[in-house]
Amino acid sequence: MSDYRPQDLDKKWQQRWSASRAFEVTADPARPKFYCLEMFAYPSGHAHVGHVRNYIIGDVMARMKRMRGYNVLHPFGWDAFGLPAENAAIKGGIHPEVSTRSNIAHMKGQLQRLGISYAWERELATCDPEYYKWNQWLFIRMFEKGLAYRRRSSVNWCPSCQTVLANEQVVDGGCWRCGTPVETRDLEQWFFRITAYADELLDATTQLTAWPEKVLTMQQNWIGRSEGARVKFPLERGTGNTEPGTDSIEVFTTRIDTIFGATFVLLGPEHPLVATFAETSSDPAGFRRKAQDFRLQDKAARVSGEIEKQGFDTGRRAINPFTKEPVPIWVANFVLGDYGTGAVMGVPAHDQRDFEFARKFGLPIRIVVTPDGEPAGGADAMKESASNYGTLVNSGEFDGLTSEDALKRMTAVAKERGIGEGTVQYRLKDWGISRQRYWGTPIPMIYCEKDGIVPVPDDQLPVELPRIAQFTGRGDSPLAQVPEFVNVRCPKCGGPARRETDTMDTFVDSSWYFYRFADPRNDRMPFDPAAVKYWLPVDFYSGGVEHAILHLIYSRFFARVFRDLGLVEHSEPFTQLLTQGMVLKDGNVMSKSKGNVVDPDTMLQKSGADALRLYVMFVAPPEKEVEWTDAGLDGSFRFLARVWRLVDHWAETIGGDGIGSPDDCPGLSADERAVRRKTHDTIRRVTVDIEQRQQLNTAVSAMMELVNELYAFSEQTLTGAPGHRDDDDPAHAGEAERAETICVMREAIEALMLMLSPFAPHAAEEMWEKLGHETSLVVAPWPEFKAAVARAEEIVIPVQVNGKVRSRLTVPAETSESELERLARADAAVQAHTAGKTVKKVVVAKGRLVSIVVQ
RNA sequence: GCGGAAGUGGCGGAAUUGGCAGACGCGCUAGCCUCAGGAGCUAGUGGCCGCAAGGCCAUCGGGGUUCGAGUCCCCGCUUCCGCACCA
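All values reported here derive from a predicted model rather than from experimental measurement. (Residues numbered from 1 in each chain as written. Chains lettered and ligands numbered in written order. Predicted model: local features only at pLDDT ≥ 70, side-chain atom pairs only at ≥ 80, totals over all residues. Heavy atoms only, no water.)

Engineer: Explain the overall build of chain A residue by residue, including any values.
Structural biologist: Scanning chain A from terminus to terminus reveals 25 helices and 34 strands. Each of the three principal axes of chain A carries a C-alpha extent, and together these read 120 × 90 × 50 Å. Considering chain A as a whole, with its 855 residues, one finds that 54% of them fall into the buried category. Long-range contacts, defined here as pairs at least 24 residues apart, represent 73% of the contacts in chain A between residues at least 6 apart. (Helix = DSSP H or I, 4+ residues; strand = E, 2+ residues; numbered from the N terminus. Buried < 20%, exposed > 50% of the residue type's maximum accessible area, 1.4 Å probe, protein only. Contact = heavy atoms within 4.5 Å.)

Structural data, given as structure tokens:
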């Protein structure tokens, strides 16, 4: 009898797997592949159990699929560029390259100590020039196709990180990383034209049937497609204030059916006409100041949520193109400059914002849609806008049309008259990728006075980061302070030129790393298309939901870019997505600042890798948030020790040669048949739970039930159950265990070892070896479910009388419906509740239940 | 405001197709055992009534459909998440 001591086992098996290169793979078209991937890690230095949970989920999938016969690719790598390393360099003087490499080494050790079955020979780090070279290569391809472009624009600026942020990286008006409120700056920036794929990215969400609905909804919201119309409101020709070129204001509306109620036009403060109107106003300076105030307010509004509606009259008027009436033009603080046309028509009767605005400034309200098409009473009594669809009134030739019909009809009419057209607007904007920082991929572009923007020639890639000795965190982009880097010859004319000094958003790095894993050492291409064709798409991808619209939408975009470059054939990179829940401590997210981080290394020392793995899988379904408890970890340890004792106790009896399958034993007792039934039912449950449901907690429960049953059964045998007081009964000393029992127990315990191995691989391997096996469980075939064995012989059928269970019948499984009804009616307990009453109805669900209705 | 998910014992959770609510684990209680260990084994553990057999109540609240509802429908409440003056 040996105690369960996981710490020694962990090391032993990790070394064996490593020495035998157990998890390395090569493409093999003759075998079905399974690409199992967990979101790679930012090398912060320490994995916490939240990360670890994700990797274990993936490892259970990967190990199980390997045993199911798949050629499993399960790689890992490092999202190694990023601000924390650079900020640490500014503070502590350690070069990002040095700290990143050392962090990677430490975290890799942690993951290896967990026994995660990674194909480490494919490991990559995005800060490797061999990797980021292909970021640059791809950037140039995108530039050639017009998918990467440079423009001056108003951008989100994080004053703390000293860099620009993409729209996706602004959360509640603050920086996604540090929370500092963002500012607006006008800068020359590189953009990726993700909007070119807006429609496709949106439409294809319906095909992502194995993604969580929540993530798809978030992406749909983010893309924010809305159908409507652009309509021109001509400027009223006043005396002496006409401007050539700008003779109308174009608005975007989703409710052209309400246009007869448009009693004013609103311009966002950024609208170009605002500046024009300011010039000709009586007080140009005051006009501009008011508009500028609104622009500054906008940022504050995004942070705080709501601001009061404000506006001022420009003194100018436009003509409503449907009513032909002149309407005043106002500037309003709530009209967004970068959505639609930056101008809207004001329909106070049918839009709550316009309603509030009109009430505040005494602008007219006209009702043009009513629920029943009856003309409405006075608008003065309205308390809020009537935003629902209805039937048109006060709308000239369109009276009587439903809103739905009017939307189509009026859009068509606008087009005929040349005053507008149907259009689609997206909330999604192009992805700004320039970052004014050092620790990222240099943007491979050169500015020449003569030739303009020139890409670095492919044969000069990668543009490597220059080594910088001192990080000050002040001044321009750090690369701009390195003259040897900046000053360069123009590749076209050979004349003096300068390099782009911004680096790429690190989300560029992570948007395609899963392709590189298919062919990680390729030095001629980002990857061999044939390798990607075999391995991709990723079959199972797991990671945190915080990437629902960042990483996951960018990756879907990149897949389409690669597709359109002819490098991949699919459009969607991830077939199935699992978003794992966070691990909380004391109800809070774990973080260093809160001091509530659960360190995996401590847990490993205390309980070993397997108990930690098992607990994290058992505590809740993978998507759910969980609260960390040390007691739960102890419970999992106890379970493993319990299995250990069981196997230890039986190993000698069942581990020998020449033991056949119980299929060949004709004389099994009822108890032995019951054990087999439980064994095979457990195989079915565990298989379905892992492979189809990803409900890993119930897979563990099922195995616990099997172990409980094996303990109970063991007590009935000569061998006995470990720990029980009747253990090794001297009365039966020297007697041999029944051959049938040996067959059945061996089948059960071996199946258990196989099923347990994805969860607790070290302990399972050790016990497997103890049972006399010489080959590793890594390549052992998954146990086969035999439906005939699992089928119950006798079942318990509840009998309900008026919906309450009054008795239970124990009957052969195949008992017919009529026989069930007969038995139920004859049952004494049932009769006690039916006596003296009329049976109105009997429902028999074969194999399930009998329901009798009496009155 | 719009959209999504969820609400089950003291706790984490289970219930796969509308069919025995509470599997499995934690915790707790009792007994056994002693290689005093991170022990182990066995039994019990939703609430109320009852000596018991048994009965009644119970899956956020209220209605409904059904022989039968944690599960389906309607109306609320609460929590979490996403988007949010997007015209």
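Engineer: Kindly report on the pattern of salt bridges, identifying the contributing residues and their values.
Structural biologist: Per the counting criterion, the structure on display carries 57 salt bridges. Between R16 and E769 there is a salt bridge; the shortest N-O distance is 3.0 Å. Here E769 lies in helix α22 (residues 761–770) and R16 lies in helix α1 (residues 6–19), a separation of 753 residues in the sequence. Salt-bridge contacts for E188 lead to R150; the nearest nitrogen and oxygen are separated by 3.2 Å. One end of the pair, E188, is in strand β9 (residues 183–192); the other, R150, is in strand β5 (residues 148–158), and 38 residues separate them in sequence. (Salt bridge = Lys/Arg side-chain N within 4 Å of Asp/Glu carboxyl O.)

Engineer: So what about empty space enclosed by the protein? Which residues, and what values?
Structural biologist: Evaluation of the coordinates by the stated rule reveals four cavities of 30 Å³ or more. The computed volume of the largest cavity comes to approximately 190 Å³. L83, T163, R435, D505 and T506 are the residues nearest the centre of the largest cavity, which is lined by 18 residues in total. For the lining of the largest cavity, the elements supplying multiple residues, two or more each, are α3 (83–92), β6 (163–165) and β25 (503–504). If you tally residues by element for the lining of the largest cavity, the top one is β6, at three residues. Of the residues assigned to the lining of the largest cavity, the class counts are seven nonpolar, six polar and five charged. (1 Å grid on protein atoms, 1.4 Å probe; cavity = no way out; pocket = protein on both sides within 12 Å on 5 of 7 lines; lining within 4 Å. Points joined across faces, edges and corners; volume = space filled by probe spheres on them. Nonpolar A, V, L, I, M, F, W, Y, C, P; charged D, E, K, R; others polar.)

Engineer: Please give an account of the nonpolar core that cites residues and values.
Structural biologist: Residues W431 and W628 are the most contacted members of the largest nonpolar core, which totals 193 residues. With twelve residues, helix α21 (residues 739–756) is the single largest residue contributor to this core. Ranked by size, the runner-up nonpolar core spans 38 residues in total, among them L235, F277, F398 and V413. (Core = buried A, V, L, I, M, F, W, Y, C linked by side-chain atoms within 4.5 Å.)

Engineer: Tell me about the protein's contact with RNA strand B, and please be specific about residues and values.
Structural biologist: Lining the immediate surroundings of RNA strand B are 60 residues, of which T254, I307, K309, R353 and R642 lie closest. Within 4 Å of the protein, the atoms of RNA strand B are drawn from sugar and phosphate moieties in a proportion of 64%. At 3.2 Å, a side-chain N or O of K804 approaches a phosphate oxygen of RNA strand B. In terms of residues, the surface near RNA strand B owes the most to one element, helix α20 (residues 696–716), which gives eight residues. For the surface near RNA strand B, the residue count by class is 21 nonpolar, 17 polar and 22 charged. (Near = heavy atom within 4 Å. Polar contact = N/O pair within 3.5 Å; in protein donor to acceptor, adjacent residues only side chain to side chain.)

Engineer: Quick rundown of unusual backbone geometry? Include the residues and the values.
Structural biologist: Here the amide bond leading from L461 into P462 is cis, since omega sits at 0 degrees, within 30 degrees of zero. Backbone torsion omega between L536 and P537 reads -5 degrees, so that peptide bond is classified as cis. By secondary structure assignment, the location of P537 is in the loop between α15 (529–535) and β26 (538–544). In this structure, Q694 takes a positive phi of about 50 degrees despite not being glycine.

Engineer: Tell me about the environment of I116, and name the residues and values.
Structural biologist: Here I116 shows up in the loop between α4 (96–113) and β4 (124–125). Assessed through its relative accessible area of 4%, I116 is described here as buried. Sequence separation between I116 and E484 is 368 residues; the distance between their C-alpha atoms is 44 Å. Discounting residues that sit within four places of it in the chain, I116 has contacts with Y55, I56, D59, H74, L111 and R613.

Engineer: Give me the lowdown on the state of the cysteines, citing residues and values where you can.
Structural biologist: Here, disulfide denotes a covalent bond that connects the sulfur atoms of two cysteines. The final tally for this structure, using the stated rule, is zero disulfides. The structure places no disulfide on C490, whose sulfur is separated from the nearest cysteine sulfur, that of C448, by 3.6 Å. For C490, a relative accessible area of 3% puts it in the buried group. (Disulfide = S-S within 2.5 Å.)

Engineer: Quick rundown of helix α18 (residues 630–654)? Include the residues and the values.
Structural biologist: With 25 residues, α18 should reach 36 Å at 1.5 Å per residue; the first-to-last C-alpha distance of 35 Å fits that figure. Its axis deflected by about 30 degrees at D648, α18 carries its strongest bend there. (Expected span 1.5 Å × (residues − 1). Bend = angle between axes of the 7 residues up to and from the residue.)

Engineer: Now, about the pairing of strand β31 (residues 794–801): what can you tell me, with residues and values included?
Structural biologist: Bridge count for β31 against strand β32 (residues 804–812) is eight bridges, and the pairing is antiparallel. Bridge pairing in β32 places V799 opposite S807. Remark: two residues form the turn of the hairpin made by β31 and β32, two consecutive strands paired antiparallel; N802 in that turn has positive phi of roughly 50 degrees. (Pairing = 2+ DSSP bridges.)

Engineer: Could you give an account of the layout of surface pockets, with specific residues and numbers?
Structural biologist: In this model, the second largest pocket occupies a volume close to 560 Å³. If you list the elements that add at least two residues to the lining of the second largest pocket, you get α3, β5, β9 and β24 (496–499). Here the lining of the second largest pocket gets four residues from one element, more than from any other, and that element is β9. Classifying every residue of the lining of the second largest pocket gives nine nonpolar, twelve polar and eleven charged.

Engineer: So what's going on with the sheet that holds β31? Which residues, and what values?
Structural biologist: Here four strands make up an open sheet; going across it, the order is β32-β31-β34-β33 and the pairing mixed. Each edge of the open sheet carries a strand with a single partner, namely β32 and β33 (839–845). Put simply, the sheet's adjacent strands are angled 20 degrees from each other on average, direction ignored. Helix α24 (residues 817–826) rests against β31, β32, β33 and β34 (849–854) of the sheet, and its axis sits at about 130 degrees to β33. (Axes fitted to C-alpha atoms, helices over the stretch in contact; angles between N-to-C directions.)

Engineer: So what's going on with the sheet that holds strand β13 (residues 311–319)? Which residues, and what values?
Structural biologist: The strand order across the open sheet formed by four strands is β13-β14-β12-β15, and the pairing between neighbours is mixed. Each end of this open sheet is capped by a strand with a single partner; those strands are β13 and β15 (343–346). The mean inter-strand angle of the sheet, taken between neighbouring strand axes irrespective of direction, is 30 degrees. Against the sheet, helix α10 (residues 352–361) engages β12 (264–267), β13, β14 (326–332) and β15, with an angle of about 105 degrees to β12.

Engineer: Hey, could you go over the environment of N394 for me, with residue numbers and the actual values?
Structural biologist: Note that N394 resides in the loop between β17 (391–392) and α11 (403–416). Sequence separation between N394 and V368 is 26 residues, and the spatial gap between their C-alpha atoms is 5.3 Å. When near neighbours in sequence (up to four residues on either side) are disregarded, N394 contacts F260, I367, V368 and D399. A distance of 3.0 Å separates a polar atom in the side chain of N394 from the backbone oxygen of I367.

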